[in-house]
Amino acid sequence: MPKDSGIGASSKRREDVRFLTGKGRYTADIDLRGQAYVAFARSTVAHGRINGIDTSAAEEMPGVLAVFTGEDFVEVGSNPAGWLIHSKDGSPMKEPKRPVLAHGKVRHVGDAYAAVVAETPMQAKDAVEAIEADIEDLPAVLDMASAVADNGNRVHDEIDDNICFDWGWIEDNKAAVDEAFASAPHVTTLELINNRLSPNPMEPRASIGDYNPGTEDYTLYTTSQNPHVHRLLIGAFVMGIPEHKLTVIAPDVGGGFGSKIYHYGEEALVLAASRKLGRPVKWVCDRSEAFMTDAHGRDHVTKIELATDKEGNFLALRTETLANMGAYLSNFSTSVPTFLHGTLMAGPYKTPLVYVNVKAVFTNTVPVDAYRGAGRPEATYSLERVIDKCADELGIDKSEIRRKNFISPDAFPYTTPVGLIYDTGNYGATLDKLTELGDLAGFAARRAESEKNGKLRGLGLSTWIEACGIAPSHLVGQLGARVGLYDAATVRVNATGNISVLTGAHSHGQSHETVFAQVVSDMLGIPEESVEIVHGDTSKIPFGMGSYGSRSLAVCGTAIVKATEKIIAKCKKIAAHQMEASVEDIVFENGAFTVAGTDKSTSFGDIALSAYVPHNYPLEELEPGLEECSFYDPANFTYPAGAYACEVEVDPGTGRVEVASFTCADDFGNVINPMVVEGQVHGGVVQGIGQALLEGVVHDADGQLLTGSYMDYAMPRSNDVPMVTVDHSCQTPCTHNPLGVKGCGEAGAIGTPPAVVNAVIDALKSGGHAVDHIDMPLTPQKVWAAMSGSRMAAE
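Residues numbered from 1 in each chain as written. Predicted model: local features only at pLDDT ≥ 70, side-chain atom pairs only at ≥ 80, totals over all residues. Heavy atoms only, no water.

> Just to check I follow, could you spell out the overall build of the protein chain for this structure?
Secondary structure summary: the protein chain contains 19 helices and 28 strands in total. Expected size for 795 residues packed as a compact globule is a radius of gyration near 28 Å; at 28 Å, the protein chain falls within 12% of this value. Principal-axis analysis of the C-alpha atoms gives the protein chain an extent of 95 × 75 × 50 Å. Buried residues in the protein chain amount to 61% of all 795 residues. Intrachain contacts of the protein chain at a sequence separation of at least 6 include 79% that bridge at least 24 residues. Between the averaged position of the 65 positive side-chain charges in the protein chain and that of its 103 negative side-chain charges there is a distance of 1 Å. (Helix = DSSP H or I, 4+ residues; strand = E, 2+ residues; numbered from the N terminus. Rg over C-alpha atoms; globule rule 2.2 N^0.38 Å. Buried < 20%, exposed > 50% of the residue type's maximum accessible area, 1.4 Å probe, protein only. Contact = heavy atoms within 4.5 Å. Lys, Arg positive; Asp, Glu negative; His and termini not counted. Charge placed at Lys NZ, Arg CZ, Asp CG, Glu CD.)

Okay, structure coming up:
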């Protein structure tokens, strides 16, 4: 029987009541008394030298209160990258300054070089048009291979080339890997592109800065996935504001997918403008700005090689990747192609030798950073595509080549050749479940039916693994992380027994208010509606590292568990005193404290009241009140895994691809709310299909953004996506967090693109087309051209 509440129940999302009735409160909804508005002058060229900026006409425009340029921020600090990566020769990465407003040069289309504050949004925008900027157009650095080869044309003049770092992992493996390839019976090679994506959350970014001259306190309202990190970056590195003088508040946030993790210059600007003017200053991004300012995702060019014996047993894997950083280093950008990508190249397979080389490259494009999955989709795509190609070359079934190379269930904990330790998993079980749910045995009949209708049908598989809940801090610190990756929670029991949980996680669609309440409700035996989740305000929360990388439940949820355990421990002491028993004899179950072996019992609510009315209370041992805080630093990553199957139909006359069915069999460890998990997987699959078939940021030869609106950037629509079958019954619980959870938010975006592309290639091969690969997105034009090319080659 399904549970009605608590852990394992499909409790309805309490957030949806306000969201579906229009009662959500987003940053753009907030209007402070006397607020002004800011608009930005943004570069229309990808690369240019700023020879001068004339703001005099703008300053005389109606309603204008102030105009800022990069000159106003020359002495201000730089927004840093959160990970210091070293090249394989031991040298540190090159880290040019990222200014609040461009100074000296503009480095991508959309790079802000001036800002106008005015009484109304339109007055600010009109005044921006009056700014005259003398910007000398320079050749744009766009193609990564050319950027690496040409030191003469540099994105940043102060560094000697366009390479941020040249990273090798694990460098000690390289000689053995090269030797294995030299002697391998079979080598499969594939060159591929992981296309650049725009994150496009439903809510664009927005910020309000409010400086109080009486107290010298700053308040920033902003669309943030991690308010405490924003406070740290702005306070300590960019503006020099003492942390206790800066409050960051993130109200409801309408999606992020990674793009709202980072600090952007607009946030510092509204704070600086508020201080100068003595009144609040507000900025709301429009969609056109979002396309050319929000951090993009992916954008890798990779050569991957897989060495096997003649039976398809993996012997070694080798990759070389060019990873686009864009014009500046965004906060998580350097970790994505390295420790979130390179360390996952082993996948769920027992490949004995792996070597990964990544060159991170500066170009005159929007900065690139973590986008849903962040490095793991890039690793999985390369790996699952080369495995499919290898299977074709060796004539081995796609399921069987994967199955024979899986890490066996009895091998855990398993140390991979790229340095991770997988604690649990059963990859064969998820593939078995996929085979059953997806009716893979019936595929041949479905293919024949499609052929009768003039369509080519293909089946694509993807068996994937990811690393979530990045940790522990002492390890990632050795790898270059400049921040801790723990989290914190406070559980406050009020006198009447209801609960406030203050968490460092921030929800932007993950259902924290529902799921965290389920955990506490289950532990304390109280109704879920008695638990309030408080987040998004640095003045209320002790500290937190935010929500990204599927860490919320595994890390933040564990902090909540540990704080709740402290509450229970204190309550046991109070109950023992009141019932004249030893603490060791107190049993807590279903919301009641009982003396073991007796009928003496008292409720959680009664003990909560006693904590605040301590007339019968061991004051000599315990303080009044019932509130506990816990910080939790995980011992390891968590490792969700799964197996996905995609079936497509391809129209040979037009190249149009239709996703006919999609099936997911996932291992997320223990599942707290099955309905929420299913929704997270659905969303990820949709984004994965978007990357595979539709989405892609495109620039012209001068660096102009050609996909700067929804007229040109194709987002998936309902008719692009079939009903998705989702299963998460193959559970191998995580061994190092008390909930046994692994993370689910990014799975669909990781496992889906290779499954879709593998299915399309399989469909084309079934029609006699000798096509080994097509780069994403697989638009009808690309698919049709590939089929036409294979026909011409055959002729």
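> Is there a simple way to think about the sheet that holds strand β21 (residues 531-534) in this case?
Picture the strands of a sheet paired through backbone hydrogen bonds; they go either parallel or antiparallel. Across the sheet, which stays open at both edges, the four strands sit in the order β21-β20-β19-β25 with mixed pairing between neighbours. Each having just a single partner strand, β21 and β25 (627-632) make up the two edges of the open sheet. Direction aside, the axes of adjacent strands within the sheet are offset by 15° on average. Relative to β25, strand β19 (residues 487-493) runs antiparallel, the two sharing six bridges. (Pairing = 2+ DSSP bridges. Axes fitted to C-alpha atoms, helices over the stretch in contact; angles between N-to-C directions.)

> Whenever I open this one, helix α9 (residues 376-394) confuses me. Can you help?
For an α-helix, the turn length of 3.6 residues means that residues three or four places apart are oriented alike. With 19 residues, α9 should cover 27 Å at 1.5 Å per step; its first-to-last C-alpha distance of 27 Å lies within 8% of that length. For α9, the buried fraction is high: 16 of the 19 residues fall into the buried class. Following α9 by one or two positions, G395 adopts a phi angle in the positive range, close to 70°. (Expected span 1.5 Å × (residues − 1).)

> Would you explain the pairing of strand β26 (residues 641-650) in this entry?
Successive residues of a regular strand alternate their side chains across the two faces of the sheet. Within β26, ten of the ten residues are buried, which leaves it mostly tucked inside the rest of the structure. Side chains A641, A643, A645, E647 and E649 of β26 all project onto a buried face; the interleaved residues G642, Y644, C646, V648 and V650 project onto the opposite face, where all are buried too. Count of turn residues in the β26/strand β27 (residues 657-667) antiparallel hairpin: six residues, of which G655 carries a positive phi of about 80°.

> Would you explain the nonpolar core in this entry?
A general feature of soluble globular proteins is that nonpolar side chains tend to end up buried together. Y422, V648, V650, F662, L764 and V783 are the most contacted members of the largest nonpolar core, which totals 122 residues. Other than its neighbours up to four places away in sequence, Y422 contacts A346, G347, I407, F412, P413, Y414, T416, Y427, I465 and Y639. Judged by nonpolar contacts, the second largest core, of 46 residues, contains V520, M523, I533 and L622. (Core = buried A, V, L, I, M, F, W, Y, C linked by side-chain atoms within 4.5 Å.)

> Teacher, can you tell me more about the pattern of salt bridges here?
Two side chains bearing opposite charge may form a pair once their charged atoms approach each other closely. All told, the structure shown has 44 salt bridges when counted by the stated rule. The residue E400 makes a salt bridge to R403 at a minimum N-O spacing of 3.7 Å. Of this pair, E400 and R403 both sit in helix α10 (residues 398-405), separated by three residues, roughly a single helical turn. Residue classification places R403 among the partly exposed positions, given a relative accessible area of 26%. Taken together, the shared-partner salt bridges connect R42, R205, E266, E289 and D294 into one network. (Salt bridge = Lys/Arg side-chain N within 4 Å of Asp/Glu carboxyl O.)

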